[in-house]
2 protein chains.
Amino acid sequence: MTAPIPHPGRTLTETDRTRHRRLREQGSLDRAALDAILAAGFVCHLGVTVDGSVRVFPTVYGADGTTLYLHGSVASRSLLAAPEADVCVTVTHVDGLVLARSVFEHGVNYRSAMIYGVPRTVTDPEEKLAGLRCLTEQSAPGQWDYARRPNRKELAATALLALPLDEASVKIRTGAPDDGDGPDAALGLWAGTLPLHTRWGALRPDPALGPDITPPPHLTGRAGTPAS
Amino acid sequence: MTAPIPHPGRTLTETDRTRHRRLREQGSLDRAALDAILAAGFVCHLGVTVDGSVRVFPTVYGADGTTLYLHGSVASRSLLAAPEADVCVTVTHVDGLVLARSVFEHGVNYRSAMIYGVPRTVTDPEEKLAGLRCLTEQSAPGQWDYARRPNRKELAATALLALPLDEASVKIRTGAPDDGDGPDAALGLWAGTLPLHTRWGALRPDPALGPDITPPPHLTGRAGTPAS
């Protein structure tokens, strides 16, 4: 994952959209928490209005500490609709199930960030390359220097959007169920959490690959490592 | 996970929102593919317009083959905004990275479903209990019968929304990179996929729990099993 630029002690500024109204104990205004959630992932859900109706598209992203990058085909409806329009980008890591004594207190341990703003289409060639590098390295660190980089035709076919990391809301839930000190504790039921682990598996070579081509160390080193 | 009601051979009806315009080979109108994607998960991303701007909330769901259920506090802004309004619910499973010879052909293996519609608030007590059961059993099968069920006060504090599984779009990508037979194959670069595995970990008892309370078999049986 791309190492985020640290923002020690910085807090996110509240707006009407990011103010935590409910379950405030799960809300955070810690800028470092936002950076950590973004650094731990590479797939987001992009919410945008297309032809008057809300759409939520899963897509990859890159984040460099100040900007979140999204890309897609220049012909894509989701990206064509996004510039100059309000979007919401949500990144979620599901860490496990919260198994309480009552169904009502059941829940999920998770880390999530919602980022709001109006994305800008990146047109400057140098900025576009840097943004695509950030986006590529977010999911596949080492591949920008290893694989063939985009040529002029490929760059022209790719739309890159930049969303400032200015307006964001972070929510995190960790730990045990909340009903351990309530009346339901007397029911004698087991309670706790069931963690969810995400790991990279073993590399699967393309069947079209010649037998003499071995994977580079930046890829072999990831097999079996945690992924979020 | 809840077993979906099978729809052998049924196909999803295309609408303007669900028609696959780009990368049509990744699009599917197979109703069974939708059911399988929903059955394999329990967290969705709900897109809804609140105060004129798009929001994307991560939330748990239940799906019974004809209806997708969402729940939340009756005080939640996301759920208050959702009934009588168009929403988009997206469920995504990330299966791995597609590591091609060129950066341009890099991608993600995934399964995703986007469901569109106008949710209905469930008010009938029997239907509400059945929907909450479906939602609980989606993430934590066995817990509806094991844990204490919602009482009258908890039911009143919970809003349940029902979204028909009528208008949906499915996208799936599997397998090796697409540039194995192109000019980039001559570059001599390794290419293939890096799978991503999601598994349940070991149960973590609530520290407030007495030492004599052991977890039930429906929970112990899940540790170490695949989760999506």
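Rules behind the numbers
- Residues numbered from 1 in each chain as written.
- Chains lettered and ligands numbered in written order.
- Predicted model: local features only at pLDDT ≥ 70, side-chain atom pairs only at ≥ 80, totals over all residues.
- Heavy atoms only, no water.
- Helix = DSSP H or I, 4+ residues; strand = E, 2+ residues; numbered from the N terminus.
- Buried < 20%, exposed > 50% of the residue type's maximum accessible area, 1.4 Å probe, protein only.
- Contact = heavy atoms within 4.5 Å.
- Areas by Shrake-Rupley, 256 points an atom, 1.4 Å probe, with all protein chains shown as cover.
- Lys, Arg positive; Asp, Glu negative; His and termini not counted.
- Charge placed at Lys NZ, Arg CZ, Asp CG, Glu CD.
- Pairing = 2+ DSSP bridges.
- Salt bridge = Lys/Arg side-chain N within 4 Å of Asp/Glu carboxyl O.
- Buried area = accessible area lost by both parts, 1.4 Å probe.
- Polar contact = N/O pair within 3.5 Å; in protein donor to acceptor, adjacent residues only side chain to side chain.
- Nonpolar A, V, L, I, M, F, W, Y, C, P; charged D, E, K, R; others polar.
- Phe/Tyr/Trp six-rings, centres within 6.5 Å; stacked < 30°, edge-to-face > 60°.
- Core = buried A, V, L, I, M, F, W, Y, C linked by side-chain atoms within 4.5 Å.
- Least-squares fit on C-alpha atoms with pLDDT ≥ 70 in both.
- Disulfide = S-S within 2.5 Å.
- pLDDT = per-residue confidence, 0-100.

**Student:** Lay out the overall build of chain A in plain terms, naming residues and giving numbers.
**Tutor:** Each helix and strand in chain A was counted, giving six helices and 11 strands. With the C-alpha coordinates aligned to their principal axes, the bounding extent of chain A is approximately 65 × 50 × 40 Å. Looking at the 228 residues of chain A, the share that counts as buried comes to 55%. Nonlocal contacts in chain A, meaning residues at least 24 apart in sequence, comprise 72% of its contacts between residues at least 6 apart. Working note: accessible area of chain A is about 9,600 Å², and carbon and sulfur atoms make up 55% of it. In chain A, 23 side chains carry a positive charge and 25 a negative one; their mean positions are 3 Å apart.

**Student:** So, the pairing of strand S10 (residues 192-200) of chain A: which residues are in play, and what are the values?
**Tutor:** Within a regular strand, side chains alternate between the sheet's two faces. Counting buried positions along S10 of chain A gives seven out of nine residues, so the element sits mostly inside the fold. Where strand S5 (residues 87-99) of chain A lies against S10 of chain A, four bridges are found, and the strand directions are antiparallel. In the strand pairing of S10 of chain A, Leu-97 of chain A is matched with Leu-194 of chain A. Pairing of S10 of chain A with strand S11 (residues 204-205) of chain B, which is carried by two bridges, proceeds in the antiparallel orientation. The partner of Gly-192 of chain A across the bridge, within S11 of chain B, is Pro-205 of chain B. Bridge count for S10 of chain A against strand S10 (residues 192-200) of chain B is five bridges, and the pairing is antiparallel. Considered in S10 of chain B, the bridge of Trp-200 of chain A is made with Leu-196 of chain B.

**Student:** Give a detailed account of the pattern of salt bridges, specifying residues and quantitative values.
**Tutor:** Residues and elements named next belong to chain A. Enumeration over the complete set of coordinates arrives at 24 salt bridges over all chains. In this structure, Arg-148 and Glu-154 form a salt bridge, with 2.8 Å as the shortest nitrogen-oxygen distance. Relative accessible area serves as the criterion here: at 22%, Arg-148 is assigned to the partly exposed category. By relative accessible area, which is 11% here, Glu-154 ends up buried. Here the salt bridges share partners, and the residues they tie into one network are Arg-17, Asp-86 and Glu-167.

**Student:** Which residues make up the interface of chain B and chain A, and what values do they have?
**Tutor:** Chain B puts 88 residues into the contact, and the matching count from chain A is 87 residues. For the pairing of chain B and chain A, the buried interface totals around 7,200 Å² over both sides, and the portion due to carbon and sulfur atoms is 67%. If you sort the residues of chain B by the area they bury against chain A, Val-54, Val-103 and Trp-190 of chain B come out on top, with a joint share of 11%. Linking chain B with chain A are four salt bridges. Between Asp-206 of chain A and Arg-101 of chain B there is a salt bridge; the shortest N-O distance is 2.8 Å. If you look at where chain B meets chain A, you find 25 residue pairs in polar contact (both at pLDDT 80 or more). For the side of chain B that touches chain A, the element with the highest residue contribution is S10 of chain B, accounting for nine residues. For the side of chain B that touches chain A, the residue count by class is 47 nonpolar, 23 polar and 18 charged.

**Student:** Got a sec to walk through the packing of aromatic side chains? Specific residues and values, please.
**Tutor:** Residue and element names in this part refer to chain A. A full pass over the atoms with the stated rule returns two aromatic pairs over all chains. An angle of 25 degrees between the planes, with centres 5.8 Å apart, marks the rings of Phe-42 and Trp-200 as stacked. You can see Phe-42 sitting in the loop between helix H1 (31-39) and strand S2 (43-50) and its partner Trp-200 sitting in strand S10, a full 158 residues away along the chain. In this structure Phe-42 comes out as buried when scored by relative accessible area, which is 5%.

**Student:** How would you sum up the side chain of Arg-222 of chain B? Please name residues and give values.
**Tutor:** By the element assignment, Arg-222 of chain B lies in the segment after helix H6 (217-220). Buried Arg-222 of chain B, no salt bridge; nearest opposite-charge side chain is Glu-137 of chain B, N-O distance 9.0 Å.

**Student:** Account for the nonpolar core, naming residues and giving values.
**Tutor:** Ranked by size, the top nonpolar core spans 58 residues in total, and within it Leu-38 and Leu-68 of chain A together with Leu-38 and Leu-68 of chain B carry the most contacts. The contacts of Leu-38 of chain A, once residues within four sequence positions are left out, are Tyr-61, Ala-63, Leu-68, Val-91, Ile-115, Gln-138 and Leu-165 of chain A.

**Student:** Account for the relation of the copies chain B and chain A, naming residues and giving values.
**Tutor:** Rotating chain B by 180 degrees and translating it 0.0 Å along the rotation axis places it on chain A, where the RMSD comes to 0.0 Å. Such a combination of turn and shift is consistent with a two-fold rotation axis. Closest approach to the rotation axis among the C-alpha atoms of chain B is made by Thr-198 of chain B, whose C-alpha sits 2.2 Å away.

**Student:** For the pairing of strand S5 (residues 87-99) of chain B, give the residues involved together with the corresponding values.
**Tutor:** All names here are of chain B. Of all 13 residues that make up S5, 12 are buried, and the element is covered over most of its length. Pairing between strand S2 (residues 43-50) and S5: three bridges, direction antiparallel. By the bridge assignment for S5, Gly-47 is matched with Cys-88. Strand direction decides the pairing type here: S5 and strand S6 (residues 107-117), joined by 11 bridges, are antiparallel. Looking at S6, one finds that Val-98 is bridged to Gly-107.

**Student:** Got a sec to walk through the state of the cysteines? Specific residues and values, please.
**Tutor:** Here the structure, examined in full by the defined rule, presents zero disulfides over all chains. Free of any disulfide, Cys-44 of chain B has its nearest cysteine sulfur in Cys-88 of chain B, 9.9 Å distant.

**Student:** Could you give an account of helix H1 (residues 31-39) of chain B, with specific residues and numbers?
**Tutor:** Every α-helical turn comprises 3.6 residues, leaving residues that sit three or four positions apart pointing alike. Residues and elements named next belong to chain B. Judged by how many residues are buried, H1 sits mostly within the fold: seven of nine residues are covered. Within the span of H1, buried status applies to Arg-31, Ala-33, Leu-34, Asp-35, Ile-37, Leu-38 and Ala-39. Where H1 begins, the capping side chain belongs to Asp-30, and its oxygen is found 3.0 Å from the backbone nitrogen of Ala-32.

**Student:** Go over the confidence of the model for chain A with me, naming the residues and quoting the values.
**Tutor:** Residues and elements named next belong to chain A. Summing up the model confidence of chain A, the mean pLDDT is 90 and the portion of residues at 70 or higher is 90%. Across residues 1-6 the pLDDT falls below 50, and counting only partners more than four positions away or on other chains, this stretch makes 20 contacts in the model. Taken together, the chains of this predicted complex give a pTM of 0.93 and an interface ipTM of 0.92.

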